[in-house]
Amino acid sequence: MNIEQQHIRIEDYNYNLPDERIAKYPLEERDHSQLLIWDGISGEPTHRHFYDIPDLLHAGDTLIYNNTKVIQARLHFAKETGALIEIFCLEPHEPANYEEAFSSTRGGVWKCMVGNLKKWKQGILSRDFYIGNINVTLSAEYVEEVGGMSHLIRFSWNDPQFSFAQILEAAGELPIPPYLNRETEDRDKETYQTVYSKIEGSVAAPTAGLHFTLPVLRRLALNGVNEDEVTLHVGAGTFHPVKSEEIGGHPMHTEFISVNKSTLERIRKHLDHVVAVGTTSVRTLESLYYLGCRIAANPEAPVMHVDQWEPYDNAYTLTTEEALDAILNYLNKKHLWTLEATTQILIVPGFQFRIVGRMMTNFHQPKSTLLLLVAAFVGEQNWRKIYDYALANDFRFLSYGDSSILTLTKQ
């Protein structure tokens, strides 16, 4: 495979980010963050505040956000020797369905990262904690390595009245981003969730949505802005740095996505007015085209997965409308309400956006896949102009930082 985009040099997407520009904590009022505006026409960024968003969107615009909820995925155990073992739950393995895994009262197997694994050669780890006034014992048994830094861990507990979701809520710790260089605090349980989060499964927040407040959402609705939602459970891979000199050497992580039929119908109807909240929503929405192409090619048994290089390795002839129609016809034929799939999509300069016309996003780490996505959206020259402007105007960066609304710029 010799795809031109594989030779993109990561160093070309580097910039100096002083540590003091990384927001360690959010603002007290979410919607008072700064908002950078790039319209793709004037050639120069401007800025206002996030609470001005309702004035920047119009009746008929379709705002799509990621409704995933961050789980308290870090579990801490202590061996009798005193060694501390941290288990970071990434995604369910048995059962593999998120809803079934969280509702299970009989235990299950999860794909995890394990800290201090060398101290846990064998045996079962256990810890006691309380849910209300009931003492619960949680046990963890090592199963096997499943490639690289991931391992399968079997969890069980002694009281079947509790689900695994309740176990994590009581015993787990919220995994804030490593670049914050601090411990999780109680306030993070609220501030590191969007106000519309509801579907449990992420180990990192879709941070572009952290700026929304209920008053802002109400004003958007009053202005006639359509609001809809998708689900992409953000994995720990979002924090993995690109270590290769070229992006072709970086394995993109796979994430679970879910889109309701009603959302698909609204997107199909308002294709020229789709505004995505965050890179996770962008990746979900842009994956739909390739899923539709797969369904059209094999409507009886399509593979519901988008490969990393699929957007660059195939000559697709379907229009976006035809691809979305293929999905809707498939759901209707199968009597399904929701499209569920996985995506490994990598969006870099040269990518053809087919659904998203504008997006809201925070300011991302140097040399990251998220910065490459922004560059693909606004243009390879413009991303640096935008980031220089943000640095010169005291914008706060990364997960708890400020926001931007960007318009797709034709290359």
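Our structure is the block above this text.
To keep things clear, this report deals only with the structure shown in the data block. Model, not experiment: these values are computed from the prediction.

So, about the overall build of the chain. Counting its secondary structure elements, the chain contains 11 helices and 18 strands. At 22 Å, the chain has a C-alpha radius of gyration in line with the 22 Å of a compact globule built from 411 residues. On the principal axes, the C-alpha backbone points of the chain span a range of 65 × 55 × 50 Å. In the chain, buried positions account for 56% of the 411 residues. Partitioning the contacts of the chain with sequence separation of at least 6, the portion at a separation of at least 24 is 75%. Accessible surface, the chain: about 18400 Å² in total, of which carbon and sulfur atoms supply 47%. Each charge sign in the chain was given a centre, from 37 positive and 53 negative side chains, and these centres are 1 Å apart.

Let us now look at the side chain of Ser197. Within the element layout of this structure, Ser197 appears in the loop between α4 (188-191) and β11 (199-202). At 3.1 Å, the side chain of Ser197 and the backbone oxygen of Thr194 are in polar contact. Beyond its immediate sequence surroundings of up to four residues, Ser197 is in contact with Asn67, Thr68 and Lys69.

So, on to the sheet that holds strand β15 (residues 305-306). In a beta sheet, neighbouring strands pair by backbone hydrogen bonds and run either parallel or antiparallel. As summarised here, the arrangement of the 10 strands in space is β2-β1-β18-β17-β14-β3-β12-β13-β16-β15, forming an open sheet in which the pairing is mixed. At either margin of the open sheet sits one strand with a lone partner, and together these are β2 (46-49) and β15.

Our focus in this paragraph is helix α7 (residues 279-297). The end-to-end C-alpha distance of α7, which contains 19 residues, comes to 28 Å, matching closely the 27 Å that a straight helix rising 1.5 Å per residue would cover. If you look at α7, its biggest bend is around 25°, right at Leu288.

We now examine the side chain of His250. With respect to the secondary-structure elements, His250 resides in the loop between β12 (226-232) and β13 (255-260). Given the relative accessible area of 8%, His250 is considered buried. Discounting residues that sit within four places of it in the chain, His250 has contacts with His240, Pro241, Val242, Ser244, Gln308 and Thr369.

We now examine the packing of aromatic side chains. The final tally for this structure, using the stated rule, is 27 aromatic pairs. Here Trp157 and Phe164 contribute two aromatic rings whose centre-to-centre distance is 5.6 Å and whose plane-to-plane angle is 25°, an arrangement assigned as stacked. In this structure, Trp157 and Phe164 share a single accessibility class: buried. Pairwise contacts between aromatic rings join Tyr13, Tyr15, Phe363, Trp383, Tyr387, Phe395 and Phe397 into one cluster. Sitting above the plane of the Phe88 ring, Arg74 keeps its charged end 4.5 Å from the centroid.

A few words now on the pairing of β12. Here β12 lies mainly inside the structure; 6 of its 7 residues are buried. With 5 bridges joining them, strand β3 (residues 62-66) and β12 adopt parallel strand pairing. Its bridge partner lying in β12, Tyr65 is registered against Glu229. Bridge count between β12 and β13: 2 bridges; the pairing is antiparallel. Considered in β13, the bridge of Leu232 is made with Ile257.

Conventions and cut-offs
Residues numbered from 1 in each chain as written. Predicted model: local features only at pLDDT ≥ 70, side-chain atom pairs only at ≥ 80, totals over all residues. Heavy atoms only, no water. Helix = DSSP H or I, 4+ residues; strand = E, 2+ residues; numbered from the N terminus. Rg over C-alpha atoms; globule rule 2.2 N^0.38 Å. Buried < 20%, exposed > 50% of the residue type's maximum accessible area, 1.4 Å probe, protein only. Contact = heavy atoms within 4.5 Å. Areas by Shrake-Rupley, 256 points an atom, 1.4 Å probe, with all protein chains shown as cover. Lys, Arg positive; Asp, Glu negative; His and termini not counted. Charge placed at Lys NZ, Arg CZ, Asp CG, Glu CD. Polar contact = N/O pair within 3.5 Å; in protein donor to acceptor, adjacent residues only side chain to side chain. Pairing = 2+ DSSP bridges. Expected span 1.5 Å × (residues − 1). Bend = angle between axes of the 7 residues up to and from the residue. Phe/Tyr/Trp six-rings, centres within 6.5 Å; stacked < 30°, edge-to-face > 60°. Lys NZ or Arg CZ within 6 Å of the ring centre and 35° of its normal.

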